[in-house]
Amino acid sequence: MKKWFGVLLLVFSFSYGQNDTINPLGVVSAEKMNIVYRGIANRIAIAVSNCKSFTATAPGLTKVSEGHYYLSPGSGLEVAVILTITLYDDSVIIEKHTFRIKNIPNPIAKINGRNCSNCIVNVHRSEFEDATVTVDVGVEFDLNFDVRQFSVKIPKEESIVVLGNSFEKIYKKLSTLKTGTQITISEVKFGANLEGCIKNAIPIVIEVVDDEIPFYETKEFIKDSLQNIRNQRNLELKEKRKK
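The model shown is predicted, which means the values in this text are computed figures rather than measured ones.

Thoughts on the state of the cysteines
In a disulfide, the sulfur atoms of two cysteines are covalently bonded to one another.
Part 1 of the reasoning: In this structure the tally under the stated criterion is one disulfide.
Part 2 of the reasoning: Disulfide partner of Cys 116: Cys 119, at an S-S distance of 2.1 Å.
Part 3 of the reasoning: By relative accessible area, Cys 116 is classed as partly exposed at 36%.

This is the structure we're talking about:
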C-alpha cells in the first residue's frame, strides 16, 4: 500500500509571439518547504499553462493521472524534477525544480500529548482513567499514526500488552500504584507501515504522582483551620475572664 505526502509543484509557462521573450515561472508550494521524504510516495501535483505539451522526469517519479504524480526519492540529499516544456511555436524550455530529501523524523510516543527525549512525565494516578497514547513525528503526513497497541512495564512485573490507545483495561491496576512508581510505555504500534524507514517510537517514562486535590482538602489547610479555631477559643476565654 503506497504511503504519500503532499507536495505541490506548479509551473506556469507564458507564451508570446515568436520574437518575444518567453518567461516561464516555476512555483513550488512554500508550505512544504521543497521537501520530500525518503521511504514514502510523496504526492506531487504538476501543471504547466499555455504550452503545447510537457513531460516531467525524475528518479522515482511516477505519473498517476493528469497533473498528479508520486515522487519516491532514493539515496542522496536532493532530487530534481526536470520539466521539458514544448511551447506553441515548437520551441522547448527545460526547467529544473529541486527538492531536498529528508528521512522521516523518528516518532515519539506521548501520553495525553506529553513526552520528550530523556525525561520523566509526571502523571496523576486518576489521570490514567482517560489517558491516551499517541505518536508524534513533528511533521504533518498523509499517513495513519493511530496507536493500535503498546506495552506497559511496571517494576518487578512482566510487561503488559495493551490493545488500542487507552489504559481502560488496566486502569484499576495502575490506580493502586504507589506514589513515585516509575513505569515505561514502549513498543508502540501504529497504523503507518513504515518498517525500514522509521524507528520505533521513543518510549514514555512515567512517574506516578498523587492526585491534585483542592487546597481546602490539604493537610496545610486543615492544620491552619484547626489552629485558627484554637486561637479563637483562647480569645473567647480571655474575654470571659476579664468580665
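Now that the structure has been shown, we can carry on.
Here's the deal with the sheet that holds strand β13 (residues 147-153)
To summarise the sheet geometry, strands pair through backbone hydrogen bonds and adopt either a parallel or an antiparallel arrangement.
Part 1 of the reasoning: Strand order in the open sheet formed by five strands is β11-β16-β15-β13-β14, and the pairing between neighbours is mixed. With one partner strand each, in any of the chains shown, β11 (121-124) and β14 (160-163) form the two edges of the open sheet. Averaged over all pairs of adjacent strands, the angle between their axes in this sheet comes to 35 degrees, without regard to strand direction.

With respect to unusual backbone geometry
Part 1 of the reasoning: A positive phi angle, near 70 degrees, is found at Asp 90, a position not held by glycine.
Part 2 of the reasoning: With respect to the secondary-structure elements, Asp 90 resides in the loop between β8 (78-86) and β9 (92-102).
Part 3 of the reasoning: Within the chain, Asn 112 stands out as a residue other than glycine whose phi angle is a positive 50 degrees.
Part 4 of the reasoning: Looking at the element boundaries, Asn 112 is found in the loop between β10 (108-111) and β11.
Part 5 of the reasoning: In this structure Asn 112 comes out as partly exposed when scored by relative accessible area, which is 33%.

Topic: the pattern of salt bridges
Part 1 of the reasoning: For the structure shown, the criterion picks out six salt bridges.
Part 2 of the reasoning: When the shortest N-O distance is used, the salt bridge between Lys 110 and Asp 136 registers 3.1 Å. A residue pair is termed long-range when its members are at least 10 positions apart, and Lys 110 in strand β10 and Asp 136 in strand β12 (residues 133-136) qualify at 26 residues.
Part 3 of the reasoning: Residue Lys 110 is classed as buried on the basis of its relative accessible area of 17%.

What about the confidence of the model for the protein chain?
Part 1 of the reasoning: Looking at the protein chain as a whole, its pLDDT mean stands at 79, while 77% of the residues score no less than 70.
Part 2 of the reasoning: Summarising per-element confidence for the protein chain, the mean pLDDT is lowest in strand β2 (residues 25-28) (40) and highest in β14 (96).
Part 3 of the reasoning: Low pLDDT, under 50, characterises residues 10-31; the predicted model gives this stretch 54 contacts beyond four residues in sequence or across chains.
Part 4 of the reasoning: Contacts for the low-pLDDT stretch residues 213-218, under 50 throughout, to residues beyond four places or in other chains number five contacts.

What about the pairing of strand β16 (residues 204-209)?
Part 1 of the reasoning: Alignment of β11 against β16, held across four bridges, turns out to be parallel. When the sheet's bridge partners are listed, Asn 122 is paired in β16 with Glu 207.
Part 2 of the reasoning: Inspection of the sheet shows strand β15 (residues 182-190) paired to β16 by four bridges, in the antiparallel sense. The partner of Gln 182 across the bridge, within β16, is Glu 207.

Some remarks on the packing of aromatic side chains
Part 1 of the reasoning: According to the stated counting rule, one finds three aromatic pairs in the structure shown.
Part 2 of the reasoning: Note on Phe 128 and Phe 167: the rings are 5.5 Å apart at their centroids and 70 degrees apart in plane angle, and the pair reads as edge-to-face. Here Phe 128 is found in the loop between β11 and β12, whereas its partner Phe 167 is found in the loop between β14 and α1 (171-174), with 39 residues between them in sequence.
Part 3 of the reasoning: Residue classification places Phe 167 among the buried residues on the basis of a relative accessible area of 0%.

A short note on the nonpolar core
Part 1 of the reasoning: Counting residues in hydrophobic clusters, the biggest one holds 34 residues, and the most contacted among them are Ile 111, Phe 128, Phe 150, Val 152, Phe 167, Ile 185 and Val 188.
Part 2 of the reasoning: Taken together, the elements giving at least two residues each to this core come down to β3 (35-37), β10, β11, β12, β13, β15 and β16.
Part 3 of the reasoning: When residues in this core are grouped by element, the largest group, four residues, is from β15.
Part 4 of the reasoning: Ile 185 has contacts with Val 133, Phe 150, Ser 151, Val 152, Phe 167, Pro 203, Ile 204 and Ile 206, leaving out every residue within four places of it along the chain.
Part 5 of the reasoning: Among the nonpolar cores identified, the runner-up in size contains 19 residues, and Val 36, Ala 56, Tyr 69 and Leu 87 belong to it.

Calculation criteria
Residues numbered from 1 in each chain as written. Predicted model: local features only at pLDDT ≥ 70, side-chain atom pairs only at ≥ 80, totals over all residues. Heavy atoms only, no water. Disulfide = S-S within 2.5 Å. Buried < 20%, exposed > 50% of the residue type's maximum accessible area, 1.4 Å probe, protein only. Pairing = 2+ DSSP bridges. Helix = DSSP H or I, 4+ residues; strand = E, 2+ residues; numbered from the N terminus. Axes fitted to C-alpha atoms, helices over the stretch in contact; angles between N-to-C directions. Salt bridge = Lys/Arg side-chain N within 4 Å of Asp/Glu carboxyl O. pLDDT = per-residue confidence, 0-100. Contact = heavy atoms within 4.5 Å. Phe/Tyr/Trp six-rings, centres within 6.5 Å; stacked < 30°, edge-to-face > 60°. Core = buried A, V, L, I, M, F, W, Y, C linked by side-chain atoms within 4.5 Å.

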